[in-house]
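Close look at the chain arrangement
Now for the letters of each chain:
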Amino acid sequence: MANEITVPILPCRSIDEVEEFYLALGFTRTYRQVRPYPCLGLRREDIHLQFCGIPGFRPEDSYGSCIISVPDTGVLFRAFAEGLRSAYGRLPVSGIPRMTRPRKRKNADNLAGFTVVDPGGNWIRIFPSAAPGEAEEPPASRLATAVQNAVVMGDSRGDPRQAAKILDGALARAGDAPNADLVEALLYRAEMALALSDREGAGELLARARAIPLDAAERERLADALAGAGDIEAILSDG
């Protein structure tokens, strides 16, 4: 049999919070009830999600998660980011809710996935439905390898403290690492600083990254990371 559809039912504290968040991502409501228990259905094209409201539920304690395969993670990320910036004035990169940027995950066949952590604390993990056709080149430097390892901890496992530890050690030994690798490491470390509520550190790391010269090819390669720098600046400017 083909063309089956699986719809996860995820926990949340409030279906109102969840609905507001997902509407900003471009979803529409397909179902809602408050009795005998709160339940919410949402849909964005072929992505279907349902939520059940649980009194006293703590989003930070949630183990809710699901994986969504899409043709192009970059297209969906940009649509989600635009909706969040429009609704909230910035892209949340720390706390609950938040959204990571598409980054290659060495623990997921090097696919460029991203994660939405919604107001219920659920991890919606989004990956491309097919692996890239071209063979991946090995990291250009030890620092680039460290960034890959840090992404596994920070984005996949939600452990910004360990990700920061990996990056701090690698940056201290960066030596003559390429400028592009250095900028990418500093920007991701700044994001982890925000996740650890270290706004001052995030600002210093961002300034270090901004001071490193990049040529046109390097800027093109780091386009996503540099866009993320703008999101970090928006958060810091909120005070």
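What counts, and at which threshold
Residues numbered from 1 in each chain as written. Predicted model: local features only at pLDDT ≥ 70, side-chain atom pairs only at ≥ 80, totals over all residues. Heavy atoms only, no water. Helix = DSSP H or I, 4+ residues; strand = E, 2+ residues; numbered from the N terminus. Rg over C-alpha atoms; globule rule 2.2 N^0.38 Å. Buried < 20%, exposed > 50% of the residue type's maximum accessible area, 1.4 Å probe, protein only. Contact = heavy atoms within 4.5 Å. Areas by Shrake-Rupley, 256 points an atom, 1.4 Å probe, with all protein chains shown as cover. Lys, Arg positive; Asp, Glu negative; His and termini not counted. Charge placed at Lys NZ, Arg CZ, Asp CG, Glu CD. Pairing = 2+ DSSP bridges. Axes fitted to C-alpha atoms, helices over the stretch in contact; angles between N-to-C directions. Expected span 1.5 Å × (residues − 1). Bend = angle between axes of the 7 residues up to and from the residue. 1 Å grid on protein atoms, 1.4 Å probe; cavity = no way out; pocket = protein on both sides within 12 Å on 5 of 7 lines; lining within 4 Å. Points joined across faces, edges and corners; volume = space filled by probe spheres on them. Nonpolar A, V, L, I, M, F, W, Y, C, P; charged D, E, K, R; others polar.

**Some details on the overall build of the chain**
Helix and strand content of the chain: eight helices and nine strands. Relative to the 2.2 N^0.38 estimate, which gives 18 Å for 239 residues, the radius of gyration of the chain is 19 Å and therefore close to what a compact globule would have. When the backbone C-alpha atoms are referred to their principal axes, the chain occupies close to 60 × 45 × 30 Å. Of all 239 residues assigned to the chain, the portion counted as buried reaches 47%. The long-range fraction of contacts in the chain, counting pairs at least 24 apart against all pairs at least 6 apart in sequence, stands at 57%. Accessible surface computed for the chain: about 12,700 Å², of which carbon and sulfur atoms make up 49%. A gap of 4 Å separates the mean positions of the 28 positive and 33 negative side-chain charges of the chain.

**A look at the sheet that holds strand β3 (residues 39-44)**
With respect to topology, four strands assemble into an open sheet ordered β1-β4-β3-β2, the strand pairing being mixed. Two strands close off the open sheet at either side, each with one partner strand: β1 (9-12) and β2 (28-33). Across this sheet, the average inter-strand angle for adjacent strands is 25°, counted without regard to direction. Taken together, the six bridges between β3 and strand β4 (residues 47-53) define a ladder with antiparallel strand orientation. Its bridge partner being in β4, R44 is matched across the sheet by I47.

**Quick notes on the side chain of E191**
In this fold, E191 is placed in helix α5 (residues 179-195). Overall, the relative accessible area of 5% leaves E191 in the buried class. Apart from the residues lying within four places of it in its own chain, the contact partners of E191 are V93, R103 and I232.

**Notes on helix α3 (residues 142-156)**
Between its terminal C-alpha atoms α3 stretches 20 Å, which fits the 21 Å expected from 15 residues at 1.5 Å a residue. A maximum bend of about 25° is found in α3 at A150. Along α3, eleven of the 15 residues are buried, which leaves the element largely enclosed by surrounding structure. Looking at α3, one finds that the buried residues are L143, A144, A146, V147, A150, V151, V152, M153, G154, D155 and S156. Once α3 ends, the next one or two residues include G158, with phi positive near 70°.

**Looking at empty space enclosed by the protein**
The rolling of a water-molecule-sized probe over the atoms marks out the regions of remaining empty space. Evaluation of the coordinates by the stated rule reveals one cavity of 30 Å³ or more. Space inside the largest cavity adds up to approximately 50 Å³. Lining the largest cavity are Y22, L25, F27, I47, L49, I68, L76, F80, V116, I124 and I126. For the lining of the largest cavity, the secondary-structure elements that each account for two or more residues are β4, α2 (73-88) and β9 (123-128). Along the lines of polarity and charge, the residues of the lining of the largest cavity split into eleven nonpolar, no polar and no charged.

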